[in-house]
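Below, each chain spelled out in residue letters.
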Amino acid sequence: MLIGGVAALLVVLFILTRIASQPSYTLLYSGLDPAAAGEVVEAISARGVAHRVEGDSIWVDSAERDSLRLSLASEGLPANGPEGYELLDTLSGFGTTSQMFDAAYWRAKEGELARTILTSPAIRAARVHIANPTSDPFQPVQEVTASVAIRPAAGGLAPGHAQALRYLVASSVPGLSPENVTVIDADSGQIIGGAEQMTPAADATGRAAQLRQDIERLLAARVGPGNAVVQVAVELENARELVVERVIDPTTRVVIATDTEEMDLATSAGAGSGVTVASNLPEGDAAQGEGSSETSTETRERITYDLSELQREIEREPGAIRRISVAVLLNGVEAVGADGSVTTEPRTDAEIEALTALVQSAIGFDEERGDQVTIQSMAFDEAAITGLAEPGFADRLNIDIGRIIQTML
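Residues numbered from 1 in each chain as written. Predicted model: local features only at pLDDT ≥ 70, side-chain atom pairs only at ≥ 80, totals over all residues. Heavy atoms only, no water.

How would you summarise the nonpolar core if you had to cite specific residues and measurements?
By size, the foremost hydrophobic cluster in this structure holds 23 residues, and its most contacted members are Ile117, Ile123, Ile130, Val148, Ile150 and Leu176. Sorting the residues of this core by element identifies helix H4 (98-118), strand E4 (123-131), strand E5 (145-152), helix H5 (159-172) and strand E6 (181-185) as the ones contributing at least two each. If you tally residues by element for this core, the top one is H4, at five residues. Contacts of Ile123, omitting those with residues within four sequence positions, involve Ile117, Leu118, Ile150, Arg151, Pro152, Ala153, Leu157, His161 and Leu165. Counting residues in hydrophobic clusters, the runner-up holds 21 residues, among them Ala228, Val234, Leu236 and Leu330. (Core = buried A, V, L, I, M, F, W, Y, C linked by side-chain atoms within 4.5 Å. Buried < 20%, exposed > 50% of the residue type's maximum accessible area, 1.4 Å probe, protein only. Helix = DSSP H or I, 4+ residues; strand = E, 2+ residues; numbered from the N terminus. Contact = heavy atoms within 4.5 Å.)

Go over a nonpolar patch on the surface, please, and point to the residues and values.
On the surface, Leu2, Val6, Leu9, Leu10, Val12, Leu13 and Leu16 cluster together to form a nonpolar patch covering roughly 630 Å² of accessible area. Relative to the assigned elements, Val6 resides in helix H1 (residues 2-21). Accessibility expressed as a relative area gives 43% for Val6, which makes it partly exposed. (Patch = residues over 30% accessible without salt bridge, like charges linked within 9 Å, V, L, I, M, F, W, Y side chains within 5 Å. Areas by Shrake-Rupley, 256 points an atom, 1.4 Å probe, with all protein chains shown as cover. Salt bridge = Lys/Arg side-chain N within 4 Å of Asp/Glu carboxyl O.)

Please provide a residue-by-residue account of the pattern of salt bridges, values included.
Across all of its chains, the model carries twelve salt bridges by this definition. Close ionic contact of Arg47 with Glu75 constitutes a salt bridge, the shortest N to O distance being 2.5 Å. Linking Arg47 in helix H2 (residues 34-47) with Glu75 in the loop between helix H3 (65-74) and H4, this pair joins segments that are 28 residues apart in sequence. A relative accessible area of 31% means that Arg47 is categorised as partly exposed. Judged by relative accessible area, which is 47%, Glu75 ranks as partly exposed. Across the pair Glu54 and Arg52 runs a salt bridge, and its minimum N-O distance is 2.6 Å. A relative accessible area of 31% means that Arg52 is categorised as partly exposed. Here the salt bridges share partners, and the residues they tie into one network are Arg222, Arg347 and Glu351.

See below:
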């Protein structure tokens, strides 16, 4: 039994030594074209770097990955993607027709757009096709269209990213609108971010993620990284709405018309005497009689009032923010007691109130809209705090424990 135990120990030590001496492989490139992948493998083999190929992925020693990438980039590897404007450098002015130059120009334009799209880490491969109609004056006017075929990385491509690609291509081609650009997933063969997929829910998710990132960055400057958990919910309008509002204020009145009427009345009466022959003479008794007269003035003013009225017409488009709700959980503050024990205490109300004001300013808080911001301070669970443990002995040796168990079994 003693000899068997010593022999088993020697076998285990031999296996551990072999595993520890083998290089730890890490991903160098993935999703390359076969021709570009072959050039990269040939360059790695010429340098004598340990590597292995698994499908469309190239794995190399983790210690050599960064320097190898810089070395390959200096040689123009990997050549993943079509050529760009350098195609125009090979055209000569004497042997090039206008049709050849136009074809080379649009080919270079497609290559440059594909290169720009490939700068995103979420896209492994991309090709751009632009359908530019000919400039024949006798043909009817046709719209410029384009299509983008991509191979997204793990996790897929968000509809908002696909919409950004549409605007990128449309802004680079004169006369091209974003609606005429189609983004296709080359792996699944489906359209990404089409009209049926660009729902307000997808946009709400993107806005909530952006707000959460901004709030976490803002709080990290005060409470430190990893001491704040933020959740943001954004509700958007889902339908088009036209609101016609008419408000009548009964407490106020407005003069809408004024009518003024003024009347002057004058009356007179002669003296009462008998009618004789003398009264008919110019100097008779009629000239000596006494009479009476009356003059009156009457003014009428009519004012017409109406109640104060306000009319508004509001149109709400889909995608407008209806309400924003933010929930923030802050880790407590460590306090050392008189006996030397360390406890976690909640943060003060003044600090939470100040942080609440900062979060409200960051999201554009609107109380009339119904926005809510809730911040609570509690002690975090120790199991939820990651990234604080020191690397162990196995991590320093870069040993894959799973591979060791698989080898022993």
